[in-house]
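Listed here are the chains, written in short residue letters.
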Amino acid sequence: MKYLLVLAVVLVAFYIWRTNRERAWEEAVAKESQRHAAKPRHPGQPAPPAQMVVCHHCGLHLPRAESVEGSLGHYCSPEHRRLSDS
Ligand SMILES: [Zn+2]
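Attention in this report is confined to the structure presented alongside it. What you see is a predicted model, and the numbers here were worked out from it, not measured in a lab. (Residues numbered from 1 in each chain as written. Predicted model: local features only at pLDDT ≥ 70, side-chain atom pairs only at ≥ 80, totals over all residues.)

On to the overall build of the chain, then. Helix and strand counts for the chain stand at two helices and four strands. Starting at the N terminus and walking to the C terminus, you meet the elements of the chain as α-β-β-β-β-α. For the chain, whose C-alpha radius of gyration is 32 Å, the value lies well above the compact-globule estimate of 12 Å for 86 residues. Referenced to the eigenvectors of the C-alpha coordinate spread, the extents of the chain come out at roughly 100 × 30 × 15 Å. For the chain, long-range pairs separated by at least 24 residues make up 9% of all intrachain contacts whose partners lie at least 6 apart in sequence. (Helix = DSSP H or I, 4+ residues; strand = E, 2+ residues; numbered from the N terminus. Rg over C-alpha atoms; globule rule 2.2 N^0.38 Å. Contact = placed C-beta atoms within 7 Å.)

Okay, the environment of serine 71 next. Along the chain, serine 71 falls in the loop between strand S3 (68-69) and strand S4 (74-75). C-beta crowding within 10 Å serves as the criterion here: with 8 such atoms nearby, serine 71 is assigned to the exposed category. For the pair serine 71 and glutamate 32, spaced 39 residues apart in sequence, the C-alpha separation works out to 53 Å. (Buried ≥ 20, exposed ≤ 12 C-beta atoms within 10 Å, placed from the backbone.)

Let's shift gears to the environment of cysteine 58. With respect to the element layout, cysteine 58 can be found in the loop between strand S1 (52-54) and strand S2 (61-63). When sequence neighbours within four positions are dropped, the list of residues in contact with cysteine 58 reads Cys76 and His80.

This part takes up helix H1 (residues 2-38). For H1, spanning 37 residues, the distance from its first C-alpha to its last is 54 Å, which sits close to the expected 54 Å at 1.5 Å a residue. Among the 37 residues of H1, zero are classified as buried, and the element is accordingly described as predominantly exposed. (Expected span 1.5 Å × (residues − 1).)

Given below as structure tokens:
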């Protein structure tokens, strides 16, 4: 009778452990799918990476759109273009 009680306790403990594990797994899966659903997606429209150029005079890296073009390359400012090109 004593062993039956021990067996019953072990079975109940195993049942609780298994239930908790399944619940944790389901929560993890739900969280993962929410994360994927919340992530904004723009297929076919990836953000274009800004092309970086290096100032020919001082070596500063800057986006090409903000650079000043000279005969020897790109510059961070008209002042540096004047100093290097002349
Ligand atoms: Zn510069």
